[in-house]
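Observations on the three-dimensional arrangement
What follows is each chain in one-letter form.
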Amino acid sequence: MNSAKVKATLDEAMAIEGALGACLVDFQSGMTLGTAGGSGMDLEMAAAGTTEVVRSKLRVMGALGLKDRIEDMLITLDSQFHLVRMIRDTDSLFLYLALSKGPANLGMAKFQLSSAEQKLRA
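These remarks concern the structure in this document. (Residues numbered from 1 in each chain as written. Predicted model: local features only at pLDDT ≥ 70, side-chain atom pairs only at ≥ 80, totals over all residues. Heavy atoms only, no water.)

**Re the environment of methionine 31**
The line we're drawing: The helix count covers DSSP runs of H or I at least four residues long, the strand count covers runs of E at least two residues long, and both are numbered beginning at the N terminus. Every residue pair with non-hydrogen atoms within 4.5 Å of one another is taken to be in contact.
Structurally, methionine 31 can be placed in strand β2 (residues 31-37). Discounting residues that sit within four places of it in the chain, methionine 31 has contacts with Leu24, Val25 and Asp26.

Written out as structure tokens, the structure is:
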């Protein structure tokens, strides 16, 4: 995955209405491969914490014998949405997007993040 494609994807994610910060994360290592925005938000910490959420869900799915894949996850806070979009056809990548609840349109944000994910894979 080249850095120009990662930057373009994160720029596209930051263009989503209400976007506060975005990053591409390898959940095997918990490391970010790129970040955008995040003023006042520690995206490295968010990536590391969200990595644990993804790993935990995968463990539970394994314990339940589910042969499915995670498409996306939503964490709803009082003032923010945090979207996690798994990158299809990779072993360990996800896009993380924090949105301000006020201006964000959750349905549109999920659609746009899915579009950004597809372009990342192209």
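**As for a nonpolar patch on the surface**
Short version of the rule: Surface patches are drawn from residues lacking salt bridges whose relative accessible area is over 30%; two like charges belong together within 9 Å, two nonpolar side chains (Val, Leu, Ile, Met, Phe, Trp, Tyr) within 5 Å. The protein chains shown are the only cover counted for residues, whose accessible areas, like all others here, come from Shrake-Rupley with a 1.4 Å probe. A pairing counts as a salt bridge when a side-chain nitrogen of Lys or Arg comes within 4 Å of a carboxyl oxygen of Asp or Glu. To sort residues, take the accessible area from a 1.4 Å probe on protein chains only and compare it with the maximum for the residue type: under 20% means buried, over 50% means exposed, and anything in between is partly exposed.
A grouping of Val53, Ile75 and Leu77 is seen on the molecular surface, where their side chains present a nonpolar patch of about 200 Å² in accessible area. You can see valine 53 is positioned in helix α2 (residues 43-63). Valine 53 sits in the partly exposed class, given a relative accessible area of 36%.

**Topic: the packing of helix α1 (residues 3-14) against helix α3 (residues 106-121)**
Stated formally: For helices, the axis comes from a line fit to the C-alpha atoms of the stretch in contact; other axes are also lines fit to C-alpha atoms, and the angle between any two N-to-C directions lies between 0 and 180 degrees. Orientation labels follow simple angle bins: below 35 degrees gives roughly parallel, above 145 gives roughly antiparallel, 65 to 115 gives roughly perpendicular, and whatever is left gives oblique. Each residue is assigned to one class: nonpolar for Ala, Val, Leu, Ile, Met, Phe, Trp, Tyr, Cys and Pro, charged for Asp, Glu, Lys and Arg, and polar for all the others, Gly among them.
Direction vectors running N to C along α1 and α3 enclose 170°, while the axes themselves pass 9 Å from each other. Classified by the interaxial angle, the pair formed by α1 and α3 is roughly antiparallel. Counted together, Lys5, Val6, Thr9, Glu12 and Ala13 of α1 and Gln112, Leu113, Ser115, Ala116, Lys119 and Leu120 of α3 form the full contact between these two elements. Residue composition of the contact of α1 with α3, by class: five nonpolar, three polar and three charged.

**Points about the pairing of β2**
What counts here: Two strands pair if DSSP finds at least two bridges between them.
Where strand β1 (residues 19-26) meets β2, six bridges bridge the pair, whose relative direction is antiparallel. Paired with alanine 22 across the bridge in β2 is alanine 36. Where β1 hands over to β2, the hairpin turn is made up of four residues, of which glycine 30 adopts a positive phi near 80°.

**Overview of the pattern of salt bridges**
Under the criterion given, the structure shown has nine salt bridges. Close ionic contact of aspartate 72 with arginine 85 constitutes a salt bridge, the shortest N to O distance being 3.6 Å. Placement of the pair is aspartate 72 in strand β3 (residues 72-76) and arginine 85 in strand β4 (residues 80-86), with a sequence separation of 13 residues. Aspartate 72 sits in the partly exposed class, given a relative accessible area of 25%. Owing to a relative accessible area of 7%, arginine 85 belongs among the buried residues under this scheme. A salt bridge links glutamate 117 to arginine 85, with the nearest nitrogen and oxygen atoms 3.4 Å apart. One end of the pair, glutamate 117, is in helix α3; the other, arginine 85, is in strand β4, with 32 residues separating them in the sequence. There is no split in this pair, since glutamate 117 and arginine 85 are both buried. Several salt bridges converge on common partners, so that one network encompasses Glu71, Asp72, Arg85, Asp89, Lys110, Glu117 and Arg121.

**What about unusual backbone geometry?**
For aspartate 89, which is not glycine, the phi torsion reads 70° and is therefore positive. Relative to the elements of secondary structure, aspartate 89 occurs in the loop between β4 and β5 (93-100). Judged by relative accessible area, which is 70%, aspartate 89 ranks as exposed.

**What about α2?**
Since the α-helix advances by 3.6 residues per turn, residues separated by three or four positions end up pointing in the same direction. The line we're drawing: Residue count minus one, scaled by 1.5 Å, sets the expected span of a helix. Distance and chemistry together define a polar contact, namely a pair of N or O atoms within 3.5 Å, with one atom able to donate a hydrogen and the other to accept it when in protein, and with adjacent residues in sequence counting only for side-chain atoms on both sides.
The end-to-end C-alpha distance of α2 is 30 Å, a good match for the 30 Å that 21 residues give at a rise of 1.5 Å each. Among the structural elements, β1, β2, β3, β4 and β5 are those in contact with the buried residues of α2. Among the residues of α2, the N-terminal cap falls to aspartate 42, whose side-chain oxygen and the backbone nitrogen of glutamate 44 are separated by 3.2 Å. Positive backbone phi, at 75°, marks glycine 65, one or two positions downstream of α2.

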